[in-house]
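# Coordinate inspection notes
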Amino acid sequence: MDNFKSYMFLILFSAIGSSVSMNTNTESLLRQDLFNEYDTNVRPVFNQTDNVKMEIGVEIRSLESFNQVSETIEISAWTTMRWIDNMLVWNTSQYNIESLKINTQDIWMPDLELYNAASKPNVYNIRDDLILYHNGTLLYKRPIVFSFLCPLDLKEFPYDKQTCMMEFGSWMLSKDYLSIQPFEENPILVSNDFSHNEWNIVDTKTEYVENTYKCCPGEYWPVTMFYITMSRNHHKYSLTIHMNILLTLTAIVVSSIKFKLYRRTYILVFIPLSVIWLIQSISSKIPVISYFTKMDKILLTSFIVCEILAASSGIFYCLFQEFYSVVKRCFTKNNYNYRVPFNLYNYLILIDYKDVKTKYEIAKKDYIYKYLKTIDKLFKFCVFLGYIITVSVLLNN
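Figured I'd write up the structure that's included with this text. (Residues numbered from 1 in each chain as written. Predicted model: local features only at pLDDT ≥ 70, side-chain atom pairs only at ≥ 80, totals over all residues. Heavy atoms only, no water.)

With that out of the way, let us pick up the state of the cysteines. Taken as a whole and assessed by the stated rule, the structure comprises 1 disulfide. The side chain of Cys 150 participates in a disulfide bridge whose partner is Cys 164; the two sulfur atoms lie 2.0 Å from each other. Taking the torsion about the S-S bond as the criterion, the Cys 150 to Cys 164 disulfide, at about -80°, is left-handed. One end of the pair, Cys 150, is in the loop between β7 (137-149) and β8 (161-169); the other, Cys 164, is in strand β8, and 14 residues separate them in sequence. Accessibility classification places Cys 150 together with Cys 164 in one group, the buried group. (Disulfide = S-S within 2.5 Å. Helix = DSSP H or I, 4+ residues; strand = E, 2+ residues; numbered from the N terminus. Buried < 20%, exposed > 50% of the residue type's maximum accessible area, 1.4 Å probe, protein only.)

So, in structure tokens, the structure goes:
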């Protein structure tokens, strides 16, 4: 009985080994038949006037970096390319093989470049292989990090949306030789695992055009453009804006202190310095531009308001002290026999000429203070109202 089991095991093992060997030999024979006279330098078409039709697609996996100062972006993506090689077709009934995995160095590869690249792409796959199907269809998929230019429109910063474009095309072959087009369905996808601290992808679209260039008149060059629209997570910048508004409101509250006290001007002088610090903390994160962003307008408005409040407080303090000094200098003479102005009559109780000096001085000081105080209140109200309206318009526009 044991000998019988051993005999059956040997038969089964031999059958499996024979099957594996047969499959291996069949694949090896197929590869020899396909690549025996294959030339990697010649386009795989029967008629040299025909072009190779290739489809491309991109799946966005992650945002590696977005340097807003240099306006360059790095995106990790899976690129998919599909075309037909007429020289690599076989009959499945003869070889019983549906597909093969082959290396890119063994076949003719299409010329595909990223026109607006900022640096050479980084490819992360260890083996540069693709899948070849029996009908000659080649499917090439690989992970790659693209670095390309992305000009920014920062007028609405930090509540902005940026659209970056990846422009693919052939560098050496025109449409007569290589026709590159996006997939008809879902040419650009965003991975469900995509996540970034500052940016969210909100929209994608694809555009296909045929361009002409001065180097090659009469030839059309197919270009596929993938557009990626991203919205900024503005929470950190909104916190800066709110802190800035709070500092300005604090300056308005401090300006309610009596202007005849020098401490009011002393405090108001230091508040604009805090606003300047907030502006400096943001300036290093965006490129040098020729226009004001929304955040710039808010910060600049707050700075101007704080400066106006500090300057006006100093002016009112100096006016009050200067008028009071003028009054005092008027009474340094020994002649106290003068006419008292009519509008100060109610402040004076004229008992004798010796009391006129003191009473007129007090009355004059009170009159000037009340007059300047009224102007100060109206001025602060106008500044406060103008600031609230300006900031509200900027935030809601």
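Relative to the 32 Å expected for 22 residues at 1.5 Å per residue, helix α4 (residues 262-283) spans 34 Å between its end C-alpha atoms, a close match to the ideal helical length. Turning to α4, its buried residues are Arg 264, Thr 265, Leu 268, Ile 271, Pro 272, Val 275, Leu 278 and Ile 282. Relative to the axis of α4, the buried residues are bounded by an arc of 125° and lie together on one face. Turned more than 90 degrees off the buried face of α4, the exposed positions are Tyr 262, Tyr 266, Trp 277 and Gln 280. (Expected span 1.5 Å × (residues − 1). Arc of directions from axis to C-beta.)

Now for a positive patch on the surface. Together, Lys 258, Lys 260, Lys 370, Lys 373 and Lys 377 line one region of the surface with positive charge. Inspection of the secondary structure assignment puts Lys 373 in helix α6 (residues 353-396). Residue classification places Lys 373 among the partly exposed residues on the basis of a relative accessible area of 31%. (Patch = residues over 30% accessible without salt bridge, like charges linked within 9 Å, V, L, I, M, F, W, Y side chains within 5 Å. Areas by Shrake-Rupley, 256 points an atom, 1.4 Å probe, with all protein chains shown as cover. Salt bridge = Lys/Arg side-chain N within 4 Å of Asp/Glu carboxyl O. Lys, Arg positive; Asp, Glu negative; His and termini not counted. Charge placed at Lys NZ, Arg CZ, Asp CG, Glu CD.)

A few words now on the sheet that holds strand β11 (residues 199-211). Ordered by their spatial adjacency, 4 strands build an open sheet running β4-β8-β12-β11, and the pairing between neighbours is antiparallel. Two strands close off the open sheet at either side, each with one partner strand: β4 (113-114) and β11. Judged from the 9 bridges that link them, β8 and strand β12 (residues 221-232) form a sheet pairing that is antiparallel. Among the inter-strand pairings, Thr 163 is bridged to a residue of β12, identified as Thr 229. (Pairing = 2+ DSSP bridges.)

Another aspect to go through is the side chain of Lys 380. Note on placement: Lys 380 falls in helix α6. Non-local contacts of Lys 380, meaning those with residues more than four positions away in its chain, are made with Ser 255, Ser 256 and Arg 264. (Contact = heavy atoms within 4.5 Å.)

Here we take up the nonpolar core. Judged by nonpolar contacts, the single largest core of 71 residues is most densely connected at Ile 73, Trp 83 and Met 230. In this structure, Met 230 is in contact with Leu 63, Phe 66, Ile 73, Asp 160, Lys 161, Gln 162, Cys 164, Trp 199, Asn 200, Ile 201 and Val 202, ignoring residues within four places of it in sequence. (Core = buried A, V, L, I, M, F, W, Y, C linked by side-chain atoms within 4.5 Å.)

On to the packing of aromatic side chains. Under the criterion given, the structure shown has 9 aromatic pairs. Relative to Tyr 38, the ring of Phe 35 has its centre 5.8 Å away and its plane inclined at 70°; by these criteria the two rings are edge-to-face. An angle of 40° between the planes, with centres 5.2 Å apart, marks the rings of Phe 66 and Trp 199 as tilted. Highlighted residues: Phe 66 in strand β1 (residues 52-67) and Trp 199 in strand β11, separated in sequence by 133 residues. A single burial state applies to Phe 66 and to Trp 199, both of which are buried. Aromatic rings pair up to connect Phe 146, Phe 168 and Phe 226 into one cluster. Above the plane of the ring of Trp 78 lies Arg 61, whose end atom (NZ or CZ) is 4.0 Å from the centre. The cationic tip of Lys 155 hangs over the ring face of Tyr 291; the distance from NZ or CZ to the ring centre is 4.5 Å. (Phe/Tyr/Trp six-rings, centres within 6.5 Å; stacked < 30°, edge-to-face > 60°. Lys NZ or Arg CZ within 6 Å of the ring centre and 35° of its normal.)

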